[in-house]
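Coordinate analysis (summary)
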Amino acid sequence: MAKKMEKTIIVTQTKSPIRREAKQRATLCGLGLNKIGRTRELEDTAAVRGMIEKVKHMIKIEERA
């Protein structure tokens with residue numbers, strides 16, 4: 001069976017988590033980001049969107065169909 005193509009989001013860390021709340025640092029790690037410039041391609045789900053909303057000031061987001 002062919003797998004249905006899920007919408008994905010490309011997330012790149014642009015700022016450091018130094019002097020940020022521990023929850024924000026943990027959220028970055030949960031997204032797979034822990035160094036400036038690191039990029040991850042993630043599924044577009046409600047959980048991922050919520051995590052992105054918490055750290056949107058430290059990341060760059062690109063949407064992919």
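Refer to the structure printed above.
So, here is what we can say about the structure in this document.

Parameters at a glance
Residues numbered from 1 in each chain as written. Predicted model: local features only at pLDDT ≥ 70, side-chain atom pairs only at ≥ 80, totals over all residues. Heavy atoms only, no water. Helix = DSSP H or I, 4+ residues; strand = E, 2+ residues; numbered from the N terminus. Buried < 20%, exposed > 50% of the residue type's maximum accessible area, 1.4 Å probe, protein only. Contact = heavy atoms within 4.5 Å. Areas by Shrake-Rupley, 256 points an atom, 1.4 Å probe, with all protein chains shown as cover. Lys, Arg positive; Asp, Glu negative; His and termini not counted. Charge placed at Lys NZ, Arg CZ, Asp CG, Glu CD.

This part covers the overall build of the protein chain. Check the secondary structure of the protein chain and you find two helices and three strands. For the C-alpha atoms alone, the extent of the protein chain along its principal axes is close to 45 × 20 × 15 Å. The 65 residues of the protein chain split such that 26% are buried. Look at the contacts in the protein chain between residues 6 or more apart in sequence, and 73% of them connect residues 24 or more apart. Summed over all atoms, the accessible surface of the protein chain reaches about 4900 Å², with 53% contributed by carbon and sulfur. Charged side chains of the protein chain number 16 positive and 8 negative; the gap between the two group centres comes to 8 Å.

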